Amino acid sequence: MTTRRRSRVSRGRRAEGACVSSARGCRGTMAAPRENVSLLFKLYCLAVMTLVAAAYTIALRYTRTSDRELYFSTTAVCVTEVIKLLLSVGILAKETGSPGRFKASLRENVLGSPKELMKLSVPSLVYAVQNNMAFLALSNLDAAVYQVTYQLKIPCTALCTVLMLNRTLSKLQWISVFMLCGGVILVQWEPAQATKVVVEQNPLLGFGAVAIAVLCSGFAGVYFEKVLKSSDTSLWVRNIQMYLSGIVVTLVGVYLSDGAEINEKGFFYGYTYYVWFVIFLASVGGLYTSVVVKYTDNIMKGFSAAAAIVLSTIASVMLFGLQIKTEKLKLVDTDCGAIQREAGHKLLLDGQS
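Residues numbered from 1 in each chain as written. Predicted model: local features only at pLDDT ≥ 70, side-chain atom pairs only at ≥ 80, totals over all residues. Heavy atoms only, no water.

- The name an unreviewed UniProt entry gives the protein chain is CMP-sialic acid transporter isoform X3, with Zalophus californianus as the organism.
- Listed under Subcellular location (unreviewed entry) in UniProt, the entry text for the protein chain is "Golgi apparatus membrane".
- One UniProt comment on the protein chain, placed under Sequence similarities (unreviewed entry), says "Belongs to the nucleotide-sugar transporter family. SLC35A subfamily." (UniProt positions renumbered as here; feature names shortened; annotations may be inferred.)

What follows is the structure in structure tokens.
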């Protein structure tokens, strides 16, 4: 009897060891499990992100085409990074619950993790380039044309998702992507006659800036998603790590691009209440984007951006006199509807899982 008991205990320990070993192996090769959040929370985040994105595009377009002294877009991007960092620090302090745990978290994950800071400097650099390209594009394109053209980031993001995360996309997702591309090609016709705002524009430069922003958006978004979901580190810790390096990157960009003029006119030259509003929208939108990527994925982020097209188009018609042909409007609406149906179906599946 004693021998049998020992044999059973031995087999149990071996089985337990195998399970632990297997679990460790799985953790080493698979992403960290996604936290369970309610469907209502996901819908809320997507709705806020959509509204902020639409408002940001219109407000930014207004500040870049008004008659007032033009501010330095590089400084606006830098200030946005600072505000996002401060907001993330505040949210992390609330999340940890006590000053002691807050300091320990910063000491362990930020000050004591130079490797992680370097890892998050990659999307910071790419996002900085993307944001500056957005300013350049909106200075040379109409808001709705920019929004629709910028949706080329969806096929770029889909391709990066397949290549970097080893995922497969459904036929409906790919069909939606190519339908949107068809709409983008048609909307690009005659961009210079699309608005009654009198301002010197270079559409070729605008589309080139959009192309760079699209590539940056696809790569940085999927890279950040991979980092977020490959460990159980707090989202706000990851944001702090990324924004710290982002501030350094954007400060370098500020003085490389506009250093001489800033020294002459000042860092906040041309800033108005409208400019600060744009910065606020960019900051809030950045935080909500990270939440959406954390709890859903970059495809859902694309769904939100597609919905923002409709809102910004309506606002552009009322504010900037944008004229859209009925055929083009119907095609864009069809493209957005296809993406929204596919993404909405995916969101419901996520909520049920």
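So that's the structure; there's more coming.
1. So, the environment of Ser-234
Stage number 1. Mapped onto the fold, Ser-234 is located in the loop between helix 9 (203-229) and helix 10 (235-265).
Stage number 2. Residue Ser-234 is classed as buried on the basis of its relative accessible area, which comes to 19%.
Stage number 3. C-alpha of Ser-234 to C-alpha of Glu-95: the two residues are 139 residues apart in sequence and 9.3 Å apart in space.
Stage number 4. When residues no more than four places from it in sequence are discounted, the contact partners of Ser-234 are Leu-92 and Glu-95.
Stage number 5. For Ser-234, the side chain forms a polar contact with the side chain of Glu-95, separated by 2.8 Å.
Stage number 6. Within the structure, the side chain of Ser-234 is placed 3.2 Å from the backbone nitrogen of Trp-236, a separation counted as a polar contact. (Helix = DSSP H or I, 4+ residues; strand = E, 2+ residues; numbered from the N terminus. Buried < 20%, exposed > 50% of the residue type's maximum accessible area, 1.4 Å probe, protein only. Contact = heavy atoms within 4.5 Å. Polar contact = N/O pair within 3.5 Å; in protein donor to acceptor, adjacent residues only side chain to side chain.)

2. A short note on the UniProt feature "transmembrane region" (unreviewed entry) in the protein chain
Stage number 1. Within this structure's numbering, the places UniProt gives as "transmembrane region" (unreviewed entry) are residues 39-58, 70-93, 172-189, 204-224, 236-256, 268-291 and 303-324.
Stage number 2. Within the segment residues 236-256, helix and strand shares are 100% and 0% respectively, and the terminal C-alpha atoms sit 30 Å apart.
Stage number 3. Along residues 268-291 one finds 79% helix and 0% strand; the C-alpha atoms at either end are 30 Å apart.

3. Description of the pattern of salt bridges
Stage number 1. One pass over the structure, following the stated rule, counts six salt bridges.
Stage number 2. Ionic pairing is found between Lys-265 and Glu-261, a salt bridge with its closest N-O pair at 3.9 Å. With Lys-265 and Glu-261 both in helix 10 and four residues apart, this pair spans about one turn of that helix.
Stage number 3. Where salt bridges share partners, they join Glu-116, Lys-119 and Arg-238 into one cluster. (Salt bridge = Lys/Arg side-chain N within 4 Å of Asp/Glu carboxyl O.)

4. A look at a nonpolar patch on the surface
Stage number 1. Side chains of Leu-125, Val-129 and Ile-212 sit close together on the surface and give an oily, nonpolar patch of about 230 Å² of accessible area.
Stage number 2. Within the secondary structure, Val-129 sits in helix 5 (residues 114-138). (Patch = residues over 30% accessible without salt bridge, like charges linked within 9 Å, V, L, I, M, F, W, Y side chains within 5 Å. Areas by Shrake-Rupley, 256 points an atom, 1.4 Å probe, with all protein chains shown as cover.)

5. Quick word on the nonpolar core
Stage number 1. Membership of the largest hydrophobic core comes to 67 residues, with the highest contact counts inside it found for Leu-60, Tyr-71, Phe-135, Tyr-146 and Tyr-271.
Stage number 2. Here this core takes twelve residues from helix 9, the largest share from any one element. (Core = buried A, V, L, I, M, F, W, Y, C linked by side-chain atoms within 4.5 Å.)

6. Side note on the side chain of Thr-250
Stage number 1. Assignment of secondary structure puts Thr-250 in helix 10.
Stage number 2. For Thr-250, a relative accessible area of 5% gives the class buried.
Stage number 3. Among all residues touching Thr-250, those that are not within four sequence positions of it are Val-77, Cys-78, Glu-81 and Ala-128.

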